[in-house]
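A structural walkthrough
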Amino acid sequence: QVQLVESGGGLVQAGGSLRLSCAASGRTFSNYAMGWFRQAPGKEREFVAGISWSGSSTYYTDSVKGRFTISRDNAKNTVYLQMNSLKPEDTAVYYCAAAGRVFYSYNDYVRAEPYEHWGQGTQVTVFS
């Protein structure tokens, strides 16, 4: 079992930055592909970014490319999401997720179903 705890959310003006963290405990963190998802009010949960177990491969949804960066530190059992140039449409609850299997492509990362473990979420609110 893996427990995930997100932090770093908050209220920020458009154009600002936030860094989300997701601390993992339990089974070997480095064995897991990780993803960040978000859910805005009245909308379905959507994929934001994903990273392979080694950190060598990263994937992003088009709307955040060039603005968000996912990274991980396996020694600290933590995955990060650096969010720059934030926009009001980035407002959502952000969730990290862990998958104990190998993902081979973007299409593997974007679906919520393969992820076995989820955090409780952290709120990000961007105002203009």
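Below you will find a few notes about this structure. Source: prediction; values computed, not measured.

Re the state of the cysteines
Scanning the entire structure with this criterion turns up one disulfide. Through a disulfide, Cys 22 is tied to Cys 96; the S-S separation comes to 1.9 Å. Across the disulfide from Cys 22 to Cys 96, rotation about the S-S bond amounts to roughly 50°, and the bridge is consequently right-handed. Here Cys 96 lies in strand S9 (residues 92-99) and Cys 22 lies in strand S3 (residues 18-26), a separation of 74 residues in the sequence.

A few points about unusual backbone geometry
With phi around 55°, Asn 77 is a residue other than glycine that occupies positive phi space. Within the element layout of this structure, Asn 77 appears in the loop between strand S7 (68-73) and strand S8 (78-83). Look at Asn 77 and you get partly exposed, because its relative accessible area is 28%. At Ser 85, a position not held by glycine, the phi torsion is positive, near 50°. Position of Ser 85 among the secondary structure elements: in the loop between S8 and S9.

What to know about the packing of aromatic side chains
Throughout the structure, instances matching the rule amount to nine aromatic pairs. Seen from their ring centres, Phe 47 and Tyr 106 are 5.7 Å apart, and the 85° between their planes marks the pair as edge-to-face. Separated by 59 residues along the polypeptide, Phe 47 in strand S5 (residues 46-51) and Tyr 106 in helix H1 (residues 106-109) bring together distant segments of the chain. For Phe 47, a relative accessible area of 6% corresponds to the buried category. Three or more aromatic residues joined by ring pairs make a cluster, and in this case those are Phe 37, Phe 47, Tyr 59, Phe 103, Tyr 106, Tyr 109, Tyr 115 and Trp 118. Geometry around Tyr 95 places Arg 45 over its ring, the cationic atom sitting 3.9 Å from the centre. The cationic tip of Arg 45 hangs over the ring face of Trp 118; the distance from NZ or CZ to the ring centre is 4.7 Å.

The rules behind the values
- Residues numbered from 1 in each chain as written.
- Predicted model: local features only at pLDDT ≥ 70, side-chain atom pairs only at ≥ 80, totals over all residues.
- Heavy atoms only, no water.
- Disulfide = S-S within 2.5 Å.
- Helix = DSSP H or I, 4+ residues; strand = E, 2+ residues; numbered from the N terminus.
- Buried < 20%, exposed > 50% of the residue type's maximum accessible area, 1.4 Å probe, protein only.
- Phe/Tyr/Trp six-rings, centres within 6.5 Å; stacked < 30°, edge-to-face > 60°.
- Lys NZ or Arg CZ within 6 Å of the ring centre and 35° of its normal.

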